[in-house]
Amino acid sequence: MRPHGGAPDRPPPERPRHACGVTRQIPGQPGSRRVKPLDGLKVVEIGQVFAGPYAGAILADLGADVIKVEKPQGGDDARQMGRDFRRGDALVFHEFNRGKRSVALDLKSAEGMAALHGLLEQADILLHNMRPGVPETLGLGGAETTARHTRLIYCEMGAFGHRGPMKDHPGYEPLLQAFSGLSSITGEPGGKPVRMGASVVDQGTGMWTVIGALAALRQREATGRGCVINTSLFETAFAWANQKVSAFVNLGEQPVRHASGHPGFVPYEAFDAADSPLLVCCGNDRLFGKFARVLGHAEWIADARFVTNRDRLANQAALLPMIRDIMRTRRRVEWLGLLVEAGVPCAPINTVEDMLAEPQAAAMAMLATPPGEDFAVVATPISFDGVRPLPPRGAPRLDEHAGAGFSPGPAAR
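An account of the accompanying structure is given in this report. (Residues numbered from 1 in each chain as written. Predicted model: local features only at pLDDT ≥ 70, side-chain atom pairs only at ≥ 80, totals over all residues. Heavy atoms only, no water.)

Quick notes on the layout of surface pockets
Step number 1: Considered as a void within the structure, the largest pocket measures approximately 940 Å³ in volume.
Step number 2: Forming the boundary of the largest pocket are 37 residues, of which Gln48, Asp77, Asn129, Met130 and Arg131 lie nearest the centre.
Step number 3: Residue assignment for the lining of the largest pocket shows that the elements contributing at least two residues are β2 (65-70), β5 (153-158), α6 (173-180) and α7 (200-223).
Step number 4: When the residues that make up the lining of the largest pocket are grouped by side-chain class, the tally is 19 nonpolar, eight polar and ten charged.
Step number 5: Forming the boundary of the second largest pocket are 23 residues, of which Ile185, Gln243, Lys244, His258 and Pro263 lie nearest the centre.
Step number 6: Element by element, the count of residues in the lining of the second largest pocket is highest for helix α9 (residues 242-251), at five residues.
Step number 7: Of the residues that constitute the lining of the second largest pocket, the class distribution is eleven nonpolar, nine polar and three charged. (1 Å grid on protein atoms, 1.4 Å probe; cavity = no way out; pocket = protein on both sides within 12 Å on 5 of 7 lines; lining within 4 Å. Points joined across faces, edges and corners; volume = space filled by probe spheres on them. Helix = DSSP H or I, 4+ residues; strand = E, 2+ residues; numbered from the N terminus. Nonpolar A, V, L, I, M, F, W, Y, C, P; charged D, E, K, R; others polar.)

Okay, structure coming up:
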């Protein structure tokens, strides 16, 4: 049995691709289709690339009928973001648009707008991340659209926000990481600012939009009316920086980069073992005591320099080099075994491939193969009564559902 469940330090035995839980059948669920939380909800998405499509993908996974409205020439730009993966579309398009239906409409034409409003007559939610100003030129601004479709929840995802001097500026993930200060707090001390590797701002904005839309649905139950939900990449990035922002606003502290470390805890960072690195997180004095004993230095627990976390913060220049020297004396797998046994939080610093080989990844079944497809996407990270909602279908071809509408149902008006 491997300590911590960490990826092995030697190459794992040959295994099927995507061993970490690809499934079309939810573990523990019989073959019959399970009702999903948002069954019956009707959503129109006018989404490009990431933020809007990610919100639509979440809602589709949770059971909503999501009709993706695309421009007739080329559709969502994400279809071309990378080489052809399946049916002429890039892999990222399939990831962010599984479970939806596609209708191509020319929103600059009277016919296209009439068709869109026909959809909105029955829709519960409209999602869009069109460039600022474009909805207004189309007659699709929030105020006029919700005046016409009074029960519609109108979700608008902008770049810099719905007011202020930059409200009409476009924006993309790296621009907002830079503008918001997120890049300035990421990376090595003394190094250059670094962009985070994941699209945390785009996908976070999609997530906040879904939260807002679901809250507005509850509000509509009481009022009978929809509303306008505004989210933006800037607000999301601002919120992700909340600890650093609050420290500056309230304490005057300039944020500094800590690499793998933490500004409030010591030791709480990566250490190099004899062969490869691991992360150790001593989030309180009890855990530090356990860690010190594993390292063979129980006397540190009573050392006036290290007794409390605040002591260790003040004296980390003395403590951390000693820890680093000791950690280099054993292989990572040995340290993981000792630390896990002692109850000290720790983890190997995995690659994506290492993570996929972890038994925990297989247990959580976070990869799913959409019906009719031969590849995996990352599933929505929520379970209901232990059951994860899987994508109902793969991503649509452009205009695959030409002329489609919503079926009459409880949400129709």
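Text resumes after the structure shown.
What about the pattern of salt bridges?
Step number 1: Tallied over the entire structure, the rule returns 20 salt bridges.
Step number 2: Aspartate 76 is paired through a salt bridge with lysine 68; the nearest N and O atoms lie 3.0 Å apart.
Step number 3: The closest approach of N and O atoms between lysine 71 and aspartate 77, which form a salt bridge, is 3.1 Å.
Step number 4: Residues joined in a network through salt bridges with shared partners are Glu45, Lys68, Asp76 and Lys100. (Salt bridge = Lys/Arg side-chain N within 4 Å of Asp/Glu carboxyl O.)

Some remarks on the pairing of strand β7 (residues 268-272)
Step number 1: Where β7 and strand β8 (residues 277-281) come together, five bridges link them in antiparallel fashion. Within β8, the residue paired with tyrosine 268 across the bridge is cysteine 281.
Step number 2: Linking two consecutive strands that pair antiparallel, namely β7 and β8, is a turn of four residues. (Pairing = 2+ DSSP bridges.)

Thoughts on the packing of helix α10 (residues 285-294) against helix α13 (residues 332-342)
Pairs of packed helices are described in terms of their axes, by the angle between the two and the distance that separates them.
Step number 1: The geometry of α10 relative to α13 is characterised by a closest axis approach of 10 Å and an angle of 140 degrees between their N-to-C directions. With respect to their mutual orientation, α10 and α13 come out oblique. With respect to the hand of their crossing, α10 and α13 are arranged in right-handed fashion. Together, Lys290, Phe291 and Val294 of α10 and Trp335, Leu338, Leu339 and Ala342 of α13 make up the contact between the two elements. (Axes fitted to C-alpha atoms, helices over the stretch in contact; angles between N-to-C directions. Parallel < 35°, antiparallel > 145°, perpendicular 65-115°, else oblique. Left-handed = near helix turned anticlockwise from the far one by under 90°. Contact = heavy atoms within 4.5 Å.)

Observations concerning the sheet that holds β8
Step number 1: Pairing is antiparallel across the open sheet formed by three strands, whose spatial order is β7-β8-β9. The open sheet is flanked by β7 and β9 (346-348), the only strands paired with a single partner. Neighbour-to-neighbour, the strand axes of this sheet turn through a mean angle of 20 degrees, independent of strand direction.
Step number 2: Across the sheet, helix α12 (residues 316-327) touches β7 and β8, and the angle it forms with β7 is around 40 degrees.

Some points on a nonpolar patch on the surface
Step number 1: Side chains of Met207, Trp208, Ile211 and Trp240 sit close together on the surface and give an oily, nonpolar patch of about 370 Å² of accessible area.
Step number 2: No other element matches the three residues that α7 contributes to the nonpolar patch.
Step number 3: Positionally, tryptophan 240 belongs in helix α8 (residues 233-240).
Step number 4: A relative accessible area of 35% places tryptophan 240 in the partly exposed class. (Patch = residues over 30% accessible without salt bridge, like charges linked within 9 Å, V, L, I, M, F, W, Y side chains within 5 Å. Areas by Shrake-Rupley, 256 points an atom, 1.4 Å probe, with all protein chains shown as cover. Buried < 20%, exposed > 50% of the residue type's maximum accessible area, 1.4 Å probe, protein only.)

Let's talk about the sheet that holds strand β3 (residues 101-104)
Step number 1: One open sheet accounts for six strands, arranged β3-β2-β1-β4-β5-β6; its pairing is parallel. Looking at the sheet topology across the chains shown, the edges are occupied by β3 and β6 (228-232). Neighbouring strand axes in the sheet, compared pairwise and without regard to direction, differ in orientation by 20 degrees on average.
Step number 2: Of the strand pairs in this sheet, β2 and β3 are connected by four bridges, and their pairing is parallel. Counted as the bridge partner of glutamate 70 is alanine 104 from β3.

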